[in-house]
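Below, each chain spelled out in residue letters.
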Amino acid sequence: MNIFIRTDASREIGTGHVMRCLVLADMLQENQANVIFICHDFPGHLIKEIKRHGFEVMVLSGSVDNNHFEWMLSEWKKDVKKTKEILSVYPSVDWLIIDHYAIDQKWEKAIRPKVKKIMVIDDLADRKHDCDLLLDQNELPNKESRYDRLIPENATTLLGINFVLLRKEFQQIHRRRVKSSNLKRILVSFGGSDPTNETMKVLKAIDQLPKTKLFVDVVIGSSNPFQQQLRDYCVARSDREFHIQIDYLVDLMVKADLAIGAGGTTTWERCYLHLPTITIETATNQTEILEHVANLGAIYHLGKSEEVTEEMIGSTLEQIMYHPILLKRMSDACQKLIKDYDQESLIKHIMEV
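Residues numbered from 1 in each chain as written. Predicted model: local features only at pLDDT ≥ 70, side-chain atom pairs only at ≥ 80, totals over all residues. Heavy atoms only, no water.

**Student:** Requested: an account of the overall build of the protein chain, with residues and values cited.
**Tutor:** In terms of regular secondary structure, the protein chain is built from 14 helices and 13 strands. Whereas a compact globule of 353 residues would reach a radius of gyration of roughly 20 Å, the protein chain reaches 20 Å, a difference of no more than 12%. Expressed along its principal axes, the backbone C-alpha trace of the protein chain runs to roughly 65 × 40 × 35 Å. Counting only residues that meet the buried cut, the protein chain has 56% of its 353 residues in that class. Partitioning the contacts of the protein chain with sequence separation of at least 6, the portion at a separation of at least 24 is 64%. Averaged over its 45 positive side-chain charges, the protein chain has a centre that lies 2 Å from the centre of its 51 negative ones. (Helix = DSSP H or I, 4+ residues; strand = E, 2+ residues; numbered from the N terminus. Rg over C-alpha atoms; globule rule 2.2 N^0.38 Å. Buried < 20%, exposed > 50% of the residue type's maximum accessible area, 1.4 Å probe, protein only. Contact = heavy atoms within 4.5 Å. Lys, Arg positive; Asp, Glu negative; His and termini not counted. Charge placed at Lys NZ, Arg CZ, Asp CG, Glu CD.)

Below, the structure is given as structure tokens:
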């Protein structure tokens, strides 16, 4: 079975699309599928990381200087033409999996003659798709109706946290975090790029707390534009550990009493490990999800990044320190939210077609 994945990463687009596609690609490869990625070489791409995982990457070269997302929207015909040229080399393409906010029905209809089936990974529900299978792994109160009139009537939908794409290390781990009643270790991680440097904001907020024995793990991606500044800031302190582009995040999550980060797939990874979290919204598509999960009690959501101050972060941390029962309540809510998780059903839907 030949499966192609069309996705991108860049400093503007972020790394989340590629990272969750890598999870899916690993699972498909384990089921004897031949998986090939198609990606642009935008600045901040993850082509080397994809190859490190053992996958072939067909590169759509010719990087642009302007906004990569806007370029994709305006030049979609060029993009689909180049993608067609790649697919034409193969006698059979069983699935094309698309994970890209700048790709919609126009692009998909144009590529349709070159593939047997199209799968779309989305979480915005803001545009029409021509697909056979749609995955939206986010938990929302209106998840069953969000894609009404946006996809073909005969398309299969896999919706909600039960289908979340968790990396292999999360799937294999049999232990669970010990629910802590004391705040001693914090994990700070805002994804691969963190263009607004929320990481530094959080670190400064922690440093303003009354003297406490708090150890902080700081995790960033290789595309983070502030990596040297953050490295220097952490190295100067004995109670900070700096990590860049790691493959052992799950181990840090297990050790942590509390995480501080953004939304995206990592929201569900933290829930899976019952890890209490303070969240800061770094992208507009995170709003509805983070507010919903906060209403369920699984996270403490502070709001949009431009509105969240060091003082707000510090005040929330003090509240948790003085009321440790809050940690247990968040852990319990996470456990309840993730109880019906079943990722294998996604692979069955793809492999059985």
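From this point on, the discussion continues.
**Student:** Describe helix α13 (residues 325-337), with residues and values.
**Tutor:** When the terminal C-alpha atoms of α13 are compared, their 19 Å separation across 13 residues agrees well with the 18 Å that a helix rising 1.5 Å per residue should span. Where the residues of α13 are buried, they touch β11 (258-261), α10 (266-272), β12 (277-281), α11 (287-295), β13 (300-304) and α12 (310-322). (Expected span 1.5 Å × (residues − 1).)

**Student:** Please provide a residue-by-residue account of the sheet that holds strand β8 (residues 185-189), values included.
**Tutor:** The strand order across the open sheet built from 6 strands is β10-β9-β8-β11-β12-β13, with neighbouring strands paired in parallel fashion. Both edges of this open sheet fall to β10 (240-244) and β13, since each of them pairs with a single strand only. Ignoring which end each strand starts from, the neighbouring axes of this sheet average 15 degrees apart. As paired strands, β8 and strand β9 (residues 215-220) are joined by 5 bridges and run parallel to one another. In the sheet register, Ile186 faces β9, and the bridge partner there is Val216. (Pairing = 2+ DSSP bridges. Axes fitted to C-alpha atoms, helices over the stretch in contact; angles between N-to-C directions.)

**Student:** So what about the sheet that holds strand β5 (residues 117-121)? Which residues, and what values?
**Tutor:** The strand order across the open sheet formed by 7 strands is β3-β2-β1-β4-β5-β6-β7, and the pairing between neighbours is parallel. Either end of the sheet is taken by a strand with one partner, and the two such strands are β3 (56-60) and β7 (156-159). For this sheet the average axis-to-axis angle between neighbouring strands, irrespective of direction, equals 20 degrees.

**Student:** Talk me through α12; I want residue IDs and the actual numbers.
**Tutor:** For α12, spanning 13 residues, the distance from its first C-alpha to its last is 18 Å, which sits close to the expected 18 Å at 1.5 Å a residue. All of the buried residues in α12 are Ile313, Gly314, Thr316, Leu317 and Ile320. Seen end-on, α12 carries its buried residues on one side only, within an arc spanning 160 degrees. Those residues of α12 that are exposed and aimed more than 90 degrees away from the buried face are Glu311 and Tyr322. On its buried side, α12 packs onto β8, α7 (198-207), β11, β12, β13 and α13. (Arc of directions from axis to C-beta.)

**Student:** Give a detailed account of the environment of Ser189, specifying residues and quantitative values.
**Tutor:** With respect to the secondary-structure elements, Ser189 resides in strand β8. Placed 73 residues apart in sequence, Ser189 and Ala262 show a C-alpha to C-alpha distance of 7.6 Å. Look past the residues within four positions of Ser189 in its chain and what remains in contact with it is Val219, Ile260, Gly261 and Ala262.

**Student:** Kindly report on the pairing of β10, identifying the contributing residues and their values.
**Tutor:** In this structure, β9 lies alongside β10, joined through 5 bridges in parallel fashion. Bridge pairing in β10 links Ile220 to Ile244. Regarding the hand of the β-α-β motif, the stretch spanning β9, helix α8 (residues 227-235) and β10 is right-handed. (Right-handed = clockwise from strand over helix to strand, strands pointing away.)

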